[in-house]
Amino acid sequence: MTAVPGVIVHRDATVLAQAVSARLITRLVDTQAARGSAHLVLTGGTVGIATLAALAATAAHDAIDWRALDIWWGDERFLPTGHPERNETGARQALLDHVDVDPERVHVMPGPDSGMTAEEAAEAYAVELAKAARPEDHGPVPSFDVLLLGMGPDGHVASLFPDKPAVYEEERSVVAVHGSPKPPPTRLSLTFPALRAARETWVVVAGEDKAQAVHLALSGAGPFQVPAAGARGRQRTLFLLDRAAAAKIPPGLGRIASP
Ligand SMILES: O=C(O)[C@H](O)[C@@H](O)[C@H](O)[C@H](O)COP(=O)(O)O
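Every value quoted in this text rests on a predicted model; they were computed, and no experiment measured them.

(A) Examining the sheet that holds strand 7 (residues 187–190) more closely. With respect to topology, three strands assemble into an open sheet ordered 4-7-6, the strand pairing being antiparallel. Looking along the sheet, the strands with just one partner apiece sit at the ends: strand 4 (75–77) and strand 6 (174–177). The mean inter-strand angle of the sheet, taken between neighbouring strand axes irrespective of direction, is 15°. Here strand 6 runs beside strand 7; their pairing, made up of four bridges, is antiparallel. When the sheet's bridge partners are listed, Val-177 is paired in strand 7 with Arg-187. Each of strand 6 and strand 7 touches helix 4 (residues 118–132); the most contacted strand, strand 6, lies at about 160° to it.

Below you can see the structure in the form of structure tokens.
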């Protein structure tokens, strides 16, 4: 079962990042209290990294048991370890270097310095996901407690770009992406079958250049043309927006959460 998206609108990108970081603390603390540990999927992109920086900046992040958290990525730019454009590098600088994560539970997507091709790296990540899946997950990836996704002006999420081969993948959980419209051209991405394993999916978007794609994603567009339309959590889907990104949503759909 997939959830009908909820839409919450915050004043601007700064409040959005802070509100998402607060929401993350609550969600992860609740999950860890209930089950002992949690799975979180990170995204690259401006708002995704700003959210992690906001989380690092709030003392309340100490409420999370960082050692009982598995961290995954929804996509990665296929660049060597430490490259400033890698999503991993951004996440480490913004947050992971500042909290007590268990290195064994920080599941980075391999880069070319691993000696693997992008295809081999995608397969290796799929194997790592499969190892972490439990029988109750009923599939080859864990049931992510929170899947964070940014979105591009074309409606892409992770590295699933409109009408490119990766959006049509229905078997593999991770694929290599070549010729990405957003640089760099080579990437690794979770596929829709993997994204759909998430209990909660949060699409976090700021900026007026995204308003049209947000509108389409919430107005019945197909996931092959507007991949964000296919981002749905099994229990909950949230579009967390700033006002600029929410400018074209159908009237009555969004709830204003920040004055
Ligand atoms: O690696 C990436 O580039 C991403 O994970 C990508 O899906 C990103 O989240 C969106 O393109 C939004 O990025 P911006 O917030 O920077 O526009």
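(B) Expanded view of the pairing of strand 3 (residues 69–73). In terms of burial, strand 3 is a largely internal element, five of the five residues being buried. Neither face of strand 3 is exposed, since Leu-69, Ile-71 and Trp-73 on one face and Asp-70 and Trp-72 on the opposite face are all buried. Crossover strand 2 (residues 38–42) to strand 3 through helix 2 (residues 46–57) is right-handed.

(C) Structural context of the UniProt feature "domain: Glucosamine/galactosamine-6-phosphate isomerase" (unreviewed entry) in the protein chain. UniProt's entry tags residues 12–237 with the feature "domain: Glucosamine/galactosamine-6-phosphate isomerase" (unreviewed entry), counted in the numbering of this structure. Within the segment residues 12–237, helix and strand shares are 31% and 15% respectively, and the terminal C-alpha atoms sit 21 Å apart.

(D) Structural context of the packing of aromatic side chains. Summed over the entire model, instances satisfying the criterion amount to two aromatic pairs. Between the aromatic rings of Trp-72 and Tyr-125, the centroid separation amounts to 5.8 Å while the plane-to-plane angle is 75°, which identifies the pairing as edge-to-face. You can see Trp-72 sitting in strand 3 and its partner Tyr-125 sitting in helix 4, a full 53 residues away along the chain. For the pair formed by Trp-72 and Tyr-125, the shared burial category is buried. For the pair Tyr-168 and Phe-224, a centre-to-centre distance of 4.5 Å together with 35° between the ring planes defines the contact as tilted. Here Tyr-168 is found in the loop between strand 5 (146–149) and strand 6, whereas its partner Phe-224 is found in the loop between helix 6 (211–217) and strand 9 (236–242), with 56 residues between them in sequence.

(E) A look at the environment of Ala-245. Residue position: Ala-245 is located in the loop between strand 9 and strand 10 (254–256). Spatially, the C-alpha atoms of Ala-245 and Arg-92 are 27 Å apart, while their sequence positions differ by 153 residues. Those residues in contact with Ala-245 that sit more than four places away from it in its chain are Val-205, Ala-206, Gly-207, Glu-208, Ala-211 and Val-214.

(F) Molecular detail of the pattern of salt bridges. In this structure the tally under the stated criterion is 13 salt bridges. Here Glu-200 ties to Arg-27 by a salt bridge, and the two come within 3.7 Å at their closest N and O atoms. One end of the pair, Glu-200, is in strand 8 (residues 200–205); the other, Arg-27, is in helix 1 (residues 13–35), with 173 residues separating them in the sequence. Assessed through its relative accessible area of 8%, Glu-200 is described here as buried. A residue is classified by how much of its surface remains accessible, and Arg-27, at 17% relative accessible area, is buried. Linking Glu-169 and Arg-172 is a salt bridge whose minimum nitrogen-to-oxygen distance equals 2.8 Å. Three or more residues joined by partner-sharing salt bridges are found here, namely Glu-76, Arg-86, Glu-88 and Arg-92.

Cut-off values and rules
- Residues numbered from 1 in each chain as written.
- Predicted model: local features only at pLDDT ≥ 70, side-chain atom pairs only at ≥ 80, totals over all residues.
- Heavy atoms only, no water.
- Pairing = 2+ DSSP bridges.
- Helix = DSSP H or I, 4+ residues; strand = E, 2+ residues; numbered from the N terminus.
- Axes fitted to C-alpha atoms, helices over the stretch in contact; angles between N-to-C directions.
- Contact = heavy atoms within 4.5 Å.
- Buried < 20%, exposed > 50% of the residue type's maximum accessible area, 1.4 Å probe, protein only.
- Right-handed = clockwise from strand over helix to strand, strands pointing away.
- UniProt positions renumbered as here; feature names shortened; annotations may be inferred.
- Phe/Tyr/Trp six-rings, centres within 6.5 Å; stacked < 30°, edge-to-face > 60°.
- Salt bridge = Lys/Arg side-chain N within 4 Å of Asp/Glu carboxyl O.

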